[in-house]
Amino acid sequence: LVSVVLVTIGFNWQTSPSYTELETIMMDWVAKAIGLDEGFLSNGDGGGIIQGSASEAICVAIIAARQRMVDSLSQGLSEDEVHALSSKFIAYGSTQTHSSTKKGCTIANVRFRALEVDPVTFSLRGETVAAAIKEDIAAGLIPFYVTATIGTTSSGATDDIPGIALAAAPHGVWVNIDAAWAGAACVCPEYQSVLEGTDKVDSFSFNMHKWLLTNFDCSPMWVRNRKHLTNALSITPVYLRNAASSSGFVNDYRDWQLPLGRRFRALKVWFVIRTYGLEGLRAHVRKHINQCQRMKTHLESRPDRYKIVTGPNWSLLTFQVLPPLSSTISANDLTNRVYEKINQDGEIFLTHTLLNDTDVIRFVPGSRLTEDVHIDNAFAVFERITDSVLSL
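Residues numbered from 1 in each chain as written. Predicted model: local features only at pLDDT ≥ 70, side-chain atom pairs only at ≥ 80, totals over all residues. Heavy atoms only, no water.

1. Focus: the overall build of the protein
And step 1. A tally of regular secondary structure across the protein gives 13 helices and eleven strands.
And step 2. By principal-axis analysis of the C-alpha atoms, the protein measures approximately 75 × 55 × 35 Å.
And step 3. Considering only contacts in the protein between residues 6 or more positions apart, those separated by 24 or more positions represent 70%.
And step 4. Put simply, the protein shows about 17700 Å² of open surface, and 53% of that area lies on carbon and sulfur atoms.
And step 5. In the protein, 35 side chains carry a positive charge and 40 a negative one; their mean positions are 3 Å apart. (Helix = DSSP H or I, 4+ residues; strand = E, 2+ residues; numbered from the N terminus. Contact = heavy atoms within 4.5 Å. Areas by Shrake-Rupley, 256 points an atom, 1.4 Å probe, with all protein chains shown as cover. Lys, Arg positive; Asp, Glu negative; His and termini not counted. Charge placed at Lys NZ, Arg CZ, Asp CG, Glu CD.)

2. Remarks on the sheet that holds strand E3 (residues 111-115)
Strand pairing in a sheet takes place through backbone hydrogen bonds and is either antiparallel or parallel in direction.
And step 1. With mixed pairing, seven strands are arranged side by side in an open sheet as E1-E7-E6-E5-E4-E2-E3. Only two strands of the sheet have a single neighbouring strand rather than two, namely strand E1 (47-51) and E3. Looking at each pair of strands side by side, their axes are set apart by 20° on average, direction ignored.
And step 2. When strand E5 (residues 174-178) meets strand E6 (residues 203-205), the two strands line up parallel, connected through three bridges. (Pairing = 2+ DSSP bridges. Axes fitted to C-alpha atoms, helices over the stretch in contact; angles between N-to-C directions.)

3. Observations concerning the packing of helix H12 (residues 331-345) against helix H13 (residues 372-391)
When two helices pack together, their arrangement is given by the angle between their axes and by how far apart the axes lie.
And step 1. Between H12 and H13, the shortest axis-to-axis distance is 9 Å and the interhelical angle comes to 115°. Considering how the two elements wind past one another, H12 and H13 form a crossing that is right-handed. Facing H12, whose interface residues are Leu334, Arg337, Val338, Lys341, Ile342 and Asp345, H13 presents Val381, Phe382, Arg384, Ile385, Thr386, Ser388, Val389 and Leu390.
And step 2. Per-class residue counts for the contact of H12 with H13 are eight nonpolar, two polar and four charged. (Left-handed = near helix turned anticlockwise from the far one by under 90°. Nonpolar A, V, L, I, M, F, W, Y, C, P; charged D, E, K, R; others polar.)

4. As for the pattern of salt bridges
And step 1. Under the criterion given, the structure shown has 22 salt bridges.
And step 2. A salt bridge links arginine 125 to aspartate 160; the nearest nitrogen and oxygen atoms lie 3.9 Å apart. Of the two residues, arginine 125 sits in the loop between E3 and helix H6 (126-138) while aspartate 160 sits in the loop between strand E4 (142-149) and helix H7 (161-168), which places them 35 residues apart along the sequence.
And step 3. Aspartate 255 is the partner of arginine 254 in a salt bridge, and the nearest nitrogen-oxygen pair spans 3.1 Å. Like arginine 254, the residue aspartate 255 is buried in the burial classification.
And step 4. What you see here is one network of salt bridges that share partners, running through Arg302, Asp304, Arg305, Glu383 and Asp387. (Salt bridge = Lys/Arg side-chain N within 4 Å of Asp/Glu carboxyl O. Buried < 20%, exposed > 50% of the residue type's maximum accessible area, 1.4 Å probe, protein only.)

So, in structure tokens, the structure goes:
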């Protein structure tokens, strides 16, 4: 509420130094809290900014990556030749990558290619990226960007970040880590192993408003070299020029993002960290992970009726509802009917997805108010609704 009622628009350091300085400090705090390497901190070439959403962060990364590649290849070329060069750019994600990467490529007017994932783990492998880069270069295209994910939306899978970074490096391909949901789990030291390889990537982002008790909108993003953001996004008309910005000693976060104006988002981060502390945030994350394990135990108690397809990955698992042996309905149809009737019933709400042509229900607790009794009740709802569907 405090960050909302403050009316300063904070687009550069001069409009409100406290906006900028607190955000720089908070981004260093959060980077250290989740275990990012020092290359992302503000005391070197890197640094962090709070974007409005992970989708914005991905779009910004794509634009910065495109500009970096243009700068590396355009020396001595005319403007028309540079535009022709850009038409050959191609970015990568996977079939499990969030749709915001494809949308960002549409905004940036570059090609996007969704690569196949491992059929068991649903993660994007480094050798798959390497093969795609080799193939596209042979076809006359210019690979420039790849999204690697920690905690995919459908199943919570984590891509092969070390392998992807290794495949990208020889070709100057920007590697961006989208950890929108699962990145929050890295406040717990026992989950920081998923960051292996991120010391070789160009940018990293996650949503504090997804799983770290912070109101929307709050998506920290870090870059290893902030000049790539400002090279791509800095435009300074006369009415925005000032001595502080011209000195080069301050950050103007308008040059790190798509909009000009911005709110005092850093104040939300400060309040959350000072209110809960790292131990409070860790307890929040661990509670949901334990609750997902509790649901796993419930589902496994009925192997005749439920099949866990993926997970638990942190606090997310997916499962199918199995038909009785005497039934003619398929598992996909039954799962969809149960899912739809659960949401129509309205006691709990779920989402579903498709994995290897298998319809599954996603289960993930996320509210601060969720207790074990709610997990037990959710399983009781599964049982009641499934009985109802099978009786029809």
